[in-house]
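Per-entry structural report
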Amino acid sequence: MTQDELKQAVAQAALRQIPQDQIIGVGTGSTVNFFIDALATIKHKVRGAVSSSERSTERLKAHGIAVLDLNDVDRIPVYVDGADEIDASGAMIKGGGGALTREKIIAEAADRFVCIVDASKLVSTLGKFPLPVEVVPMARELVARRLRALGGDPRLRKDYLTDNGNIILDVHGLTISRPRELETSINQIPGVVTVGLFAHRGADVALVGTPGGVQEHAYL
Ligand SMILES: O=C[C@H](O)[C@H](O)[C@H](O)COP(=O)(O)O
């Protein structure tokens, strides 16, 4: 199976996690694109979606799925999103596609985080994938210095601004043995909008695409 076929399989499997007549949280990325296409086949069963990026919003609307403002929504029973890496506790690195801030907001608002990944995203220790950090532009060098002090090698994502008008520093060279602690430390740096470590609010369940079928991993 190709990687795209594995992504498609988990996207399809995620439909079983979608409750009837509710608002669904929708992430961003190539795996989520397959999920949005799958969601379109049951769109009459959902009330609409809260979206984590302009790209996902566009795709949802193209399928005729209503996109709501988070401020107008009381409850999101399920948030479906991909990840760049996920460890055995359900902690993740996210933001390879730059949507980390809105993703973290919706993940926090949702009752349940369903992570959809192919098996290449499973890791024992997070950090091989460069950790994205969204930063207010004027704080770039200050934040970069603090990230170096934490042992990382931050590199500016070239020619890129987030949907919120900020820059991203991709931090290479980290071995993240304590994801919660590192998430807290990076959050403390003035100028950091969001760190792409999702450890305090990790996944509740991961659907993992493998050549042998979709595996379900539940986390405490
Ligand atoms: O900003 C992007 C998101 O965090 C994605 O969930 C992550 O990058 C994984 O994307 P993909 O499904 O394309 O591998």
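Residues numbered from 1 in each chain as written. Predicted model: local features only at pLDDT ≥ 70, side-chain atom pairs only at ≥ 80, totals over all residues.

Next up on the list: the overall build of the protein. Regarding its fold elements, the protein presents six helices and 13 strands. Along the longest, intermediate and shortest principal axes, the C-alpha atoms of the protein span 50 × 40 × 30 Å. Here the protein holds 220 residues, and the buried ones make up 49% of them. Residue pairs in contact within the protein that sit at least 24 positions apart in sequence constitute 72% of those at least 6 positions apart. (Helix = DSSP H or I, 4+ residues; strand = E, 2+ residues; numbered from the N terminus. Buried ≥ 20, exposed ≤ 12 C-beta atoms within 10 Å, placed from the backbone. Contact = placed C-beta atoms within 7 Å.)

Let us look at the site of the ligand. Lining the immediate environment of the ligand, one finds 17 residues, of which G29, T31, G82, G96 and G97 sit closest. Mapped by element, the contributors of at least two residues to the shell around the ligand are α2 (30–40) and α4 (100–109). Among the residues making up the shell around the ligand, the classes are represented as three nonpolar, ten polar and four charged. (Near = placed C-beta within 6 Å. Nonpolar A, V, L, I, M, F, W, Y, C, P; charged D, E, K, R; others polar.)

Core analysis: the biggest nonpolar cluster contains 60 residues, and V10, V80, C115, I116 and V133 have the highest contact counts within it. Counting residues per element, this core draws most heavily on strand β6 (residues 110–118), which supplies six residues. Inspection of this core shows a minimum of three residues originating in each of domain 1 (3–122 + 200–218) and domain 2 (131–196). Ignoring anything within four residues of it in the chain, the contact list for V80 reads A14, I24, G25, V26, G27, V32, F35, V114 and I116. (Core = buried A, V, L, I, M, F, W, Y, C linked by C-beta atoms within 7 Å. Domains from an automatic or database assignment.)

Another point: unusual backbone geometry. Positive phi values are uncommon outside glycine, yet D21 reaches one of about 55°. Inspection of the secondary structure assignment puts D21 in the loop between α1 (3–13) and β1 (23–26). Note on D21: 8 C-beta atoms within 10 Å, which makes it exposed. Even without being a glycine, D159 presents a positive backbone phi close to 50°. Tracing the backbone through its elements, the reader meets D159 in the loop between β8 (153–156) and β9 (167–172).

Next up on the list: the sheet that holds β9. Taken in spatial order, the four strands line up as β8-β9-β7-β10 in an open sheet, and their pairing is antiparallel. Edge positions in the sheet fall to β8 and β10 (192–195), since each has one partner strand and no second. Pairs of neighbouring strands in the sheet enclose a mean axial angle of 30°, with direction left out of account. Note that strand β7 (residues 131–135) and β10 share three bridges and pair antiparallel. Residue V133 lies in a different strand from β10, and its bridge partner there is V195. Those strands touched by helix α5 (residues 140–149) are β7, β8, β9 and β10, and its axis lies near 15° from that of β9. Together, β7 and β10 form the strand contacts of helix α6 (residues 179–187), whose direction differs from that of β10 by roughly 165°. (Pairing = 2+ DSSP bridges. Axes fitted to C-alpha atoms, helices over the stretch in contact; angles between N-to-C directions.)

What UniProt calls "active site" (unreviewed entry) maps, in this numbering, to E103. Relative to the assigned elements, E103 resides in helix α4. For E103, the contacting residues outside a window of four places in its chain are G27, T28, S52, D81 and K94. (UniProt positions renumbered as here; feature names shortened; annotations may be inferred.)

This brings us to the domain arrangement of the protein. Split into domains, the protein comes out as domain 1 (3–122 + 200–218) and domain 2 (131–196). On a C-alpha basis, the centroid separation for the pair domain 1 and domain 2 is 24 Å. Every contact between the two is made by 13 residues of domain 1 and, on the other side, 14 residues of domain 2. Tallying contributions element by element places α4 first for the side of domain 1 that touches domain 2, with four residues. Class assignment for the residues of the side of domain 1 that touches domain 2 results in three nonpolar, six polar and four charged.

With respect to topology, three strands assemble into an open sheet ordered β4-β5-β11, the strand pairing being antiparallel. Both outer strands of the open sheet, β4 (85–86) and β11 (197–198), are each paired with one neighbouring strand and no more.

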